[in-house]
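Structure at a glance
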Amino acid sequence: MRIVLDQGGFRSPELIPLIEDPAIHFLVPDVGLEEMMKTNPAYTVERSLSPLRAAVDRTFVCRSVKEALEWEGSQRRSITAAELVDDEYTDVARTLISRAPLDKFESFLAKFTEMSGQGAQTFDAAKDKASLVKIVAAIKAKFGKPELKLLANITLEEELGVVLALADGALRAPGEFVGDMRRRKTYYEFLYAISWVKKHGIESAKPERIAHDTFDAEYVLTGSFFDKVLSGDQKMMPLDASMRMLCDTSRHPRLLALAKALERRLFKMQG
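Residues numbered from 1 in each chain as written. Predicted model: local features only at pLDDT ≥ 70, side-chain atom pairs only at ≥ 80, totals over all residues. Heavy atoms only, no water.

Points about the packing of aromatic side chains
All chains considered together, the criterion is met by 2 aromatic pairs. Considering the side-chain rings of Y188 and Y192, the 6.1 Å spacing of their centres and the 20° angle between planes classify their relative orientation as stacked. Of this pair, Y188 and Y192 both sit in helix α11 (residues 180-199), separated by 4 residues, roughly a single helical turn. Centroid distance F215 to Y219: 5.8 Å. Interplanar angle 75°. Geometry classified as edge-to-face. Taken together, the residues F215 and Y219, both in helix α12 (residues 207-223) and 4 residues apart, mark about one turn of the helix. By relative accessible area, F215 is classed as buried at 13%. Judged by relative accessible area, which is 2%, Y219 ranks as buried. When the ring centre of F60 is taken as origin, the NZ or CZ atom of R94, which lies over that ring, is 4.7 Å away. Taking the ring centre of F225 as reference, the NZ or CZ of R184 above it sits at 3.9 Å. (Phe/Tyr/Trp six-rings, centres within 6.5 Å; stacked < 30°, edge-to-face > 60°. Helix = DSSP H or I, 4+ residues; strand = E, 2+ residues; numbered from the N terminus. Buried < 20%, exposed > 50% of the residue type's maximum accessible area, 1.4 Å probe, protein only. Lys NZ or Arg CZ within 6 Å of the ring centre and 35° of its normal.)

Observations regarding the environment of I97
Mapping I97 onto the fold places it in helix α6 (residues 87-98). Judged by its relative accessible area of 3%, I97 is buried. In the structure, I97 is positioned 43 residues away from A54 in sequence and 9.6 Å away in space, judged by C-alpha atoms. Contacts of I97, omitting those with residues within four sequence positions, involve L49, L52, R53, V56 and T59. (Contact = heavy atoms within 4.5 Å.)

So, in structure tokens, the structure goes:
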């Protein structure tokens, strides 16, 4: 089993028994590791990363979503789970986790700081909110105000069918290559946008809140390539489950059929 850890996952009581299982591998997105290390790296190594010393050879660091998208664009093919792993970053992180050899710890800490500075994922709170507002507005325009009440009461499968249909429509640009990470990111964007359509208030939401959720998307999207996300954030679990359903192509015919049936119901309401 391959488990993606977020910051809360390092402090989860579930982690210790999982570490004891030699068949389990652990993955940390590089942006998550950088966020944890940016204030007091030596303290973070001791407080958060030290449990992984017993599984250091089974711990890996993954590229950010941004890097994965750039990789797909340059290679013109979908990135695989194995290719998400950053070997150089993993080697440095393992040295930090193990703190061995001790005489090289400081130099490896400096190397980590240098690498994280060069490849850091940038999150622009205002830009993230503006992008989300645009997607929410497009969904509202598609359904119309009266029909949004129906959208607020649909089943999870119907909602995922709507997400799938919207994403498929958004990814149909002629001649444009669409890799697997790009497709999953689009699923997530519509899934997250619909949650704001249903609860309202996106215009008054603080950009910092949107940026925080954008950061969480790193774990959900990376986790969708592997077996599980271990998180201390309970609201991440439904997103993780929904993303796994969207990425399961065997479910697509049923989800799209449900979306089509919902569209017919909306059409009757409009009539």
